[in-house]
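Letter by letter, the chains look like this.
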Amino acid sequence: KSPWFGFLAPPSVMADENQPTLFPRSSAVINCVSEASYSFVNSRSSNLSTCINLLRKATDTGQLKDGKMVHAHMLRTRLEVCLVGANTLINFYAKCGFMAFASQVFYGMHEKNVVSWCSLMAGYLHNGHAREVLTLFEIMVVDGLKPNHFVLSMVLRSCSTLMDFSRGKQLHAYALKHGFISYMYVQNAILVMYCKSGGLEESLKFYHGMKEQDVSSSNVMISAFLKHGCHVEALEFLRRSLVNHKGWDDIAHVTALNLCSCMNYLRLGQEVHNQILKAHKELNVFVGSALVDMYGKCGKFEYACKIFELLSHRNVVLWTALTAAYAQNGLFEEALSLLSDMCFEGVQPNEFTYAALLNSCACLAALDHGTQLHSLAKKMGYSMCLPVGNALINMYSKSGNIGYARKVFDCMANRDVISWNSMISGYSQHGLGEQALQIFHHMLLTDKAPTHVTFVGVLSACGHIGLVNEGFYYFNRLMKKFNVVPGVEHYTCMVGLLGRAGLFDEAYSLIKSMPIHCDVVVWRTLLNACQVYKNANLGKKIAGLILQTYPDDAGTYILLSNIYAKSTRWTEVTEIREKMKAKHVKKEPGVSWIQVQNCTHVFVSKDREHPQLHQIHEKLAEVLAEIRVVGYVPDMASVLHDVDDEQKEECLRYHSEKLAVSFGLISSPPGATIRIFKNLRVCDDCHVAMKFISVTTKREIILRDANRFHSFSHGICSCGDYW
């Protein structure tokens, strides 16, 4: 075999300008390396030890050009044929991420030992090629070379990455047979394999069978419990780890902080932070990112910002943690502004950054901004990543473009339970119950088991289209089949389903029979149904029950007042308003907003502040005149004040959603979809008006109120007037 590893030409050939080479020519090399490396190249007294030391230094600093220069020198001096030198080269290229070069060095070696195999396997594993590790292991065994405990631990970690439970069990048996089970890191690798590939039962069985456990063993089990949502058990393992293992490393601190984040356990998180400070450890970006995430999720946003400012080295993980912290604390616009800041510092966003930014757009219903982020993620190659795909479904659904959400869903190469839940919830929010149930039944045909979030979307979908019997089937039978215990959210959906159908006795009985604590949202859902059906007697009873516990609940006063107003019981309306005034309880004003060219325009009823107010009023008068011709008649019952019809019509004219749609008509090109958002339930009159406006203007109007989306097109609403 050629001493040039079979892939490199000898120096005479490498000098040819037309011959492609692995290494830069000597003049280019000299220009890109340090003075020390330059001196080394020209020194004839250099030896193998010096080469290895320089390669290790290049490996630690990630200096690919310096390392390639050393490799070129080793080729000229025949040092590369040495086993130690070749192993060092494999390690260097692998850690620099150039696995093709590492592989070429490996396969060109005359002689290999376990370290050679181990170095290449480690490179493949750390660069995300776990399957190649298993292939190498098989070749190694066939060649008759016995693997050591380092090799076995890497192969086990590859099985964990690939979720190859069957092969992992075989390796467990191999470790027992050949005595490798006595090594602590082999035991931990097996434990990781069971946690990731198997279930908690197998993991616990192996854990308790270990002769001894270290802090890494506890970290693995805590992570496994968190993965399965067993927070209490994870907390118990953390407490044991605090007692049994004093010398915590960074991984232990990060695992503990992740637990605190999942449980919103601020006090414990602060104790872990104190332990880090007492250990006098320099805060690195690894632990710092976990602290930012913990404080952000626990509502201490100012602490998260302080940690961020303390860290001089900021990588993409840290920036993403801060972006998520902004979003989790309702600072969505500030979260979006971080993208330009991190790019200015030379840090490029990854798939998790884009997911956090897109979820912020979803909360703001910022469709234009979200679409731009989608294009950017696609350009950078992240649009097909699972977290980005899930965030895109969420963003498009909440921004009123359910069609694009479905396109993203259909194009996803892989889907997890979040993908299915997002699509089901998206259809449900848009009142497209049949499509939501179709997605749910499609999900049941896959290997993804529905969760409690799935059934919230399914029951909500049933409520939007009045499928009472189907709703009870999912609630009583399918949830039990999939071991999903009904929570408050599920009961709220069922009460809403019965209330919309006018089945008040059944809804009231269901609330009274709830085996869990009934919160104000459940009662208010039934109270809202009483408003729709003008059921004043039951409404008064329910309002009394709520006000006993929450005497200053503004929503309850308003709903009861509206029920009396719709029943023309003006004396009771006056009494309620007097009570609200005495208690200083204020009604939340109705607000509508629309986004035009990345700018949000906000309107309130009888708005007098908008700079284009005159043009808006002119357009509104024109629109109302047009829809009167085709049959629109103002619904005076929607005015909840005891005034004459002329005043009622004037009140209806300037509702915030009518002002918003008029502004949309003068600010967008003909035929463009108009998307409006409102903080309260849309009134009956505006709902009818939007249907007529969609006819006369030939526009699709999408209106999201406090409960759901309404899509108006050709005089028809997606809700089917069942809302």
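Conventions used here
Residues numbered from 1 in each chain as written. Predicted model: local features only at pLDDT ≥ 70, side-chain atom pairs only at ≥ 80, totals over all residues. Heavy atoms only, no water. Helix = DSSP H or I, 4+ residues; strand = E, 2+ residues; numbered from the N terminus. Buried < 20%, exposed > 50% of the residue type's maximum accessible area, 1.4 Å probe, protein only. Contact = heavy atoms within 4.5 Å. Areas by Shrake-Rupley, 256 points an atom, 1.4 Å probe, with all protein chains shown as cover. Lys, Arg positive; Asp, Glu negative; His and termini not counted. Charge placed at Lys NZ, Arg CZ, Asp CG, Glu CD. UniProt positions renumbered as here; feature names shortened; annotations may be inferred. Axes fitted to C-alpha atoms, helices over the stretch in contact; angles between N-to-C directions. Parallel < 35°, antiparallel > 145°, perpendicular 65-115°, else oblique. Nonpolar A, V, L, I, M, F, W, Y, C, P; charged D, E, K, R; others polar. Phe/Tyr/Trp six-rings, centres within 6.5 Å; stacked < 30°, edge-to-face > 60°. Lys NZ or Arg CZ within 6 Å of the ring centre and 35° of its normal. Left-handed = near helix turned anticlockwise from the far one by under 90°. Expected span 1.5 Å × (residues − 1). Bend = angle between axes of the 7 residues up to and from the residue. Salt bridge = Lys/Arg side-chain N within 4 Å of Asp/Glu carboxyl O. Polar contact = N/O pair within 3.5 Å; in protein donor to acceptor, adjacent residues only side chain to side chain. Pairing = 2+ DSSP bridges. Right-handed = clockwise from strand over helix to strand, strands pointing away.

If you check an unreviewed UniProt entry, the chain appears there as DYW domain-containing protein from Nymphaea colorata.

K.L.:
Explanation requested: the overall build of the chain in the structure shown.
P.N.:
A tally of helices and strands in the chain yields 39 helices and six strands. Overall, the chain is about 105 × 60 × 50 Å in size when its C-alpha atoms are taken along their principal axes. Relative to its 723 residues, the chain shows a buried fraction of 48%. Taking the contacts inside the chain whose residues are at least 6 apart along the sequence as the reference set, 64% of them involve residues at least 24 apart. When the accessible surface of the chain is summed, it comes to about 35100 Å², and 53% of that surface belongs to carbon and sulfur atoms. Across the chain, the centroid of the 70 positively charged side chains sits 5 Å from that of the 63 negatively charged ones.

K.L.:
What is the right way to read the environment of Ala565 from this model?
P.N.:
Following the sequence through the fold, Ala565 ends up in helix H34 (residues 554-566). Judged by its relative accessible area of 4%, Ala565 falls in the buried class. Excluding residues within four positions of it along the chain, Ala565 makes contact with Trp570, Val573 and Leu640.

K.L.:
Hey, could you run me through the UniProt feature "domain: DYW" (unreviewed entry) in the chain in this one?
P.N.:
On the UniProt side, "domain: DYW" (unreviewed entry) is annotated at positions that read residues 631-723 here. Note that residues 631-723 is 37% helix and 17% strand, and that its end C-alpha atoms are spaced 22 Å apart.

K.L.:
Is there a simple way to think about the packing of helix H12 (residues 184-197) against helix H14 (residues 215-227) in this case?
P.N.:
Close contact between H12 and H14 brings their axes to 10 Å; oriented N to C, the two are set at 5 degrees. Taken together, the axes of H12 and H14 lie roughly parallel to each other. In this structure, H12 uses Met184, Asn188, Leu191, Val192, Cys195 and Lys196 to contact H14, whose residues at the interface are Ser216, Ser217, Val220, Met221, Ala224 and Lys227. The class makeup of the residues in the contact of H12 with H14 is seven nonpolar, three polar and two charged.

K.L.:
Teacher, can you tell me more about the packing of aromatic side chains here?
P.N.:
Where two aromatic rings form a pair, the distance of their centres and the angle of their planes describe that pair. Within the structure shown, the criterion is met by 28 aromatic pairs. Between Tyr295 and Tyr303, the ring centres sit 5.3 Å apart and the planes meet at 90 degrees, which makes this aromatic pair edge-to-face. Pairwise contacts between aromatic rings join Phe92, Tyr93, Phe98 and Phe101 into one cluster. The lysine or arginine in question, Lys112, covers the ring of Phe106, its NZ or CZ lying 5.0 Å from the ring centre. Between the NZ or CZ atom of Lys407 and the centre of the ring of Tyr404, over which it lies, the distance is 4.8 Å.

K.L.:
Whenever I open this one, the UniProt feature "repeat: PPR" (unreviewed entry) in the chain confuses me. Can you help?
P.N.:
Within this structure's numbering, the places UniProt gives as "repeat: PPR" (unreviewed entry) are residues 113-147, 315-349 and 416-450. Within residues 113-147, the helical portion is 74% and the strand portion 0%, while the C-alpha atoms at the span's ends are 10 Å from each other. End-to-end, the C-alpha atoms of residues 315-349 are 9 Å apart, and along that stretch the chain is 74% helix and 0% strand.

K.L.:
It is not clear to me how the packing of helix H6 (residues 83-95) against helix H7 (residues 99-107) should be interpreted in this structure. Could you clarify?
P.N.:
For any two helices packed against each other, one specifies the inter-axial angle together with the distance between the axes. The geometry of H6 relative to H7 is characterised by a closest axis approach of 7 Å and an angle of 165 degrees between their N-to-C directions. When the axis of H6 is compared with that of H7, the two are roughly antiparallel. Handedness of the crossing formed by H6 with H7: left-handed. For the pair formed by H6 and H7, the contact residues are Ala86, Leu89, Ile90, Tyr93 and Ala94 on the first element and Met99, Phe101, Ala102, Val105 and Phe106 on the second. Along the lines of polarity and charge, the residues of the contact of H6 with H7 split into 10 nonpolar, no polar and no charged.

K.L.:
I keep staring at helix H29 (residues 468-481) and nothing clicks. Help me out?
P.N.:
Because each turn of an α-helix spans 3.6 residues, side chains separated by three or four positions end up pointing in the same direction. Along its 14 residues, H29 runs 19 Å from first to last C-alpha, staying within 8% of the 20 Å computed at 1.5 Å per residue. By the largest-angle criterion, Tyr474 marks the main kink of H29, which is about 30 degrees. Every buried residue of H29 is accounted for by Val468, Gly471, Tyr474, Phe475, Leu478 and Met479. Elements in contact with the buried residues of H29: helix H27 (433-444), helix H28 (452-465) and helix H30 (488-500). One or two residues past the end of H29 sits Asn483, with phi positive at roughly 55 degrees.

K.L.:
Where do I start with the pattern of salt bridges in this structure?
P.N.:
Side chains that differ in sign of charge can pair as their charged atoms come close. Using the criterion set out here, one finds 15 salt bridges in the structure. Notably, a salt bridge pairs Arg167 with Asp164, separated by 3.5 Å at the nearest N-O pair. The partly exposed category is assigned to Arg167, whose relative accessible area is 28%. Ionic pairing is found between Arg314 and Glu345, a salt bridge with its closest N-O pair at 3.3 Å. Of the two residues, Arg314 is situated in the loop between helix H19 (301-310) and helix H20 (316-328) and Glu345 in the loop between helix H21 (332-344) and helix H22 (351-364); the sequence distance between them amounts to 31 residues. A relative accessible area of 18% places Arg314 in the buried class. The exposure class of Glu345 is partly exposed, given its relative accessible area of 43%. Among the charged side chains, a network of salt bridges with common partners joins Glu138, Asp164 and Arg167.

K.L.:
Would you take a moment to explain the side chain of Lys678 for this structure?
P.N.:
On the secondary structure map, Lys678 appears in strand E3 (residues 674-678). Within the structure, the side chain of Lys678 is placed 2.7 Å from the side chain of Glu657, a separation counted as a polar contact. With sequence-adjacent residues up to four places away left out, Lys678 is seen in contact with Val591, Ser592, Trp593, Ser656, Glu657, Leu703, Arg704, Asp705 and Ala706.

K.L.:
So what exactly am I meant to see when it comes to the pairing of strand E4 (residues 701-704) here?
P.N.:
The side chains of a regular strand alternate between the sheet's two faces. Summarising the sheet, E3 and E4 pair through four bridges and their orientation is parallel. Residue Ile674 lies in a different strand from E4, and its bridge partner there is Ile701. Assessed by its sense of winding, the connection that carries the chain from E3 through helix H39 (residues 684-696) to E4 is right-handed. Bridge count for E4 against strand E5 (residues 709-713) is four bridges, and the pairing is antiparallel. Counted as the bridge partner of Arg704 is Phe709 from E5.

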